[in-house]
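Descriptive structure summary
Okay, here's what each chain looks like letter by letter:
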Amino acid sequence: MLNVFLLVTLMVLEKYLSPVTAVSTASGTEFLISTPGFLTKDLSTFSSKIPSVYLHIYTEYTQSTVQVQIQQQSYFKPNHRMDNNITLEVNFTHPKDLYIEPNYYPEPGPGVIPVNYILSSWPVNIMVSINEGNKGQETFRAVPVAGWGTKYHAVTLGSRYSLVLLTSEEPNTVTIVFHSNQSDFSYNHSGVIIKNGESLKLQIFRFKPYAVTSCDIRGCKGSLTGSVVTGEKPFGLVTGNCRSSNDQMFCQPAQRYVENYLVEMMLPQESYGREFILFKEHTDSIEGFTVVLAGSPNTEVHTYFDAYPTGEKVVPKYLTNINDWLQLYEYVAYINSSKGVLVMYVMGTEEEDGGPSLLLIVPMELYYFKYMV
């Protein structure tokens, strides 16, 4: 009888508990950070230099001196890179924010992929910003190496997608299964044409980025949202768009004169959640939308217009396949699901200066009792 009771209890827990694990997704002592594809000059605005990349490094109170080591690697053509090393000793006797601008890249031809390898003697948090002055800025939170996983989903807009894979101390074998909303999608990998639904296996050396992008292609190739990226060992994934000219998932005519970067460093599938609280933008001139992506097949998604459980509930939606996703244009206050999902918010813009922004919504299962802002 006891065995039957334990079996029933485990079945109930499996039904209601999220697959989220307690991985470290914020503070850490080791980071590898990159950008969405190749950084280039904005030819439409005749910018005099490529964008600046700032690292905002901060930590909580500690009595000891924190040593931060930064190695900067600039990949600007195949099999060639430029390295720079910075060593900082900082006394974090109170919360502090360090601004590091690695802005001495070479003048690239097709562009440059900067990679920053950071070691710290004390756990730190890092925010990254790609700055183009008054023409736009995109920020994202760096996921420490300890928070990397072996399986991710990509989220991009329709114009000039970008996936950048990052390896740490060991080489890795990573497989990408392409899923695009363009039926005629294709990707040219060293002369081999890979079509929608097909896979690409990559052998990536240690401490090296690998970019799968359409950054150098004019026009729209379609969104790669829902593409599945898996590795034999944990790796990092930076996903988004480089020089996106619209804020939609589907191919549309360019909506603005300035083309900006859109980027987020993704959390692995182990950290997907089942409960999310969303926010409402404080302006009616900006129209964004929410993306809900299934981490497992046969996922049921419930959305609420107001706070749960008193808010109005809409008809549940079903995501049958692991790469299925929803695009919600109406404001949603609360989301829950039968299995773990990934939730992203795309903030649009109607201004000539600046562009759309990609925001990762953290599940309630990963909420914590202490933050630094």
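Conventions and cut-offs
Residues numbered from 1 in each chain as written. Predicted model: local features only at pLDDT ≥ 70, side-chain atom pairs only at ≥ 80, totals over all residues. Heavy atoms only, no water. Helix = DSSP H or I, 4+ residues; strand = E, 2+ residues; numbered from the N terminus. Buried < 20%, exposed > 50% of the residue type's maximum accessible area, 1.4 Å probe, protein only. Contact = heavy atoms within 4.5 Å. Areas by Shrake-Rupley, 256 points an atom, 1.4 Å probe, with all protein chains shown as cover. Phe/Tyr/Trp six-rings, centres within 6.5 Å; stacked < 30°, edge-to-face > 60°. Pairing = 2+ DSSP bridges. Salt bridge = Lys/Arg side-chain N within 4 Å of Asp/Glu carboxyl O. 1 Å grid on protein atoms, 1.4 Å probe; cavity = no way out; pocket = protein on both sides within 12 Å on 5 of 7 lines; lining within 4 Å. Points joined across faces, edges and corners; volume = space filled by probe spheres on them. Nonpolar A, V, L, I, M, F, W, Y, C, P; charged D, E, K, R; others polar. Lys, Arg positive; Asp, Glu negative; His and termini not counted. Polar contact = N/O pair within 3.5 Å; in protein donor to acceptor, adjacent residues only side chain to side chain. Core = buried A, V, L, I, M, F, W, Y, C linked by side-chain atoms within 4.5 Å. Patch = residues over 30% accessible without salt bridge, like charges linked within 9 Å, V, L, I, M, F, W, Y side chains within 5 Å.

Summing up its helical and strand segments, the chain has one helix and 23 strands in all. Scored against the burial criterion, the 373 residues of the chain give a buried share of 51%. Within the chain, counting contacts between residues at least 6 apart in sequence, those at least 24 apart form 79% of the total. Total accessible area computed for the chain in this model is approximately 17700 Å², and 55% of it derives from carbon and sulfur atoms.

This part is about the packing of aromatic side chains. For the coordinates displayed, the defined rule picks out seven aromatic pairs. Taking the centre distance of 6.0 Å and the plane angle of 55° together, the rings of Tyr161 and Phe185 count as tilted. Within this pair, whereas Tyr161 is found in strand E9 (residues 161-166), its partner Phe185 is found in the loop between strand E10 (172-177) and strand E11 (186-189), the two being separated by 24 residues in sequence. Comparing Tyr161 with Phe185, the two get one shared label, buried.

Our next topic: the pairing of strand E2 (residues 52-59). In terms of residue burial, E2 counts as a mostly covered element, since seven of its eight residues are buried. Here E2 runs beside strand E6 (residues 113-131); their pairing, made up of seven bridges, is antiparallel. Across the sheet, His56 pairs through a bridge with Met127, a residue of E6.

Throughout the structure, instances matching the rule amount to one salt bridge. One salt bridge in this structure joins Glu170 and Lys233, with 3.6 Å as the shortest N-O distance. Of this pair, Glu170 sits in the loop between E9 and E10 while Lys233 sits in strand E15 (residues 228-244), and the two are 63 residues apart along the sequence. Look at Lys233 and you get partly exposed, because its relative accessible area is 30%.

A separate point is empty space enclosed by the protein. Taken as a whole, this structure holds one cavity of 30 Å³ or more when the rule is applied. The space that makes up the largest cavity amounts to roughly 50 Å³. Leu267, Ser271, Tyr272, Gly273, Phe276, Val341, Leu342, Val343, Leu360, Ile361 and Pro363 are the residues that line the largest cavity. Ranked by residues supplied to the lining of the largest cavity, first place goes to strand E22 (residues 334-347) with three residues. Considered class by class, the residues forming the lining of the largest cavity number nine nonpolar, two polar and no charged.

For Glu264, the position within the fold is in strand E16 (residues 260-265). One buried charged residue, Glu264, remains without a salt bridge, the closest side chain of opposite sign being Arg141 at 6.1 Å. At 3.2 Å, the side chain of Glu264 forms a polar contact with the backbone nitrogen of Leu360.

Here the focus is the nonpolar core. The biggest cluster of nonpolar side chains holds 66 residues, and the ones touching the most others in it are Ile33, Ile126, Leu165 and Phe178. Residues Phe276, Leu326, Val341 and Val343 belong to the second largest nonpolar core, which totals 14 residues.

Quick look at the pairing of E11 now. Burial along E11 is one-sided: Tyr187 and His189 are buried, and none of Ser186 and Asn188, which face the opposite way, are. Judged from the four bridges that link them, E11 and strand E12 (residues 192-195) form a sheet pairing that is antiparallel. Counterpart to Ser186 in the pairing with E12 is Lys195.

Here we take up a nonpolar patch on the surface. On the surface, Ile277, Val362 and Tyr367 cluster together into a nonpolar patch covering about 240 Å² of accessible area. Tracing the backbone shows Tyr367 in the segment after strand E23 (357-360). With a relative accessible area of 39%, Tyr367 lands in the partly exposed category.

This part takes up unusual backbone geometry. Positioned with a positive phi, Ser190 is a non-glycine residue whose angle comes to about 55°. Relative to the elements of secondary structure, Ser190 occurs in the loop between E11 and E12. The exposure class assigned to Ser190 is exposed, which follows from its relative accessible area of 69%.

Let us look at the environment of Leu163. Position of Leu163 relative to the elements: it lies in strand E9. For Leu163, a relative accessible area of 0% translates into the label buried. For the pair Leu163 and Ser214, spaced 51 residues apart in sequence, the C-alpha to C-alpha distance is 9.4 Å.

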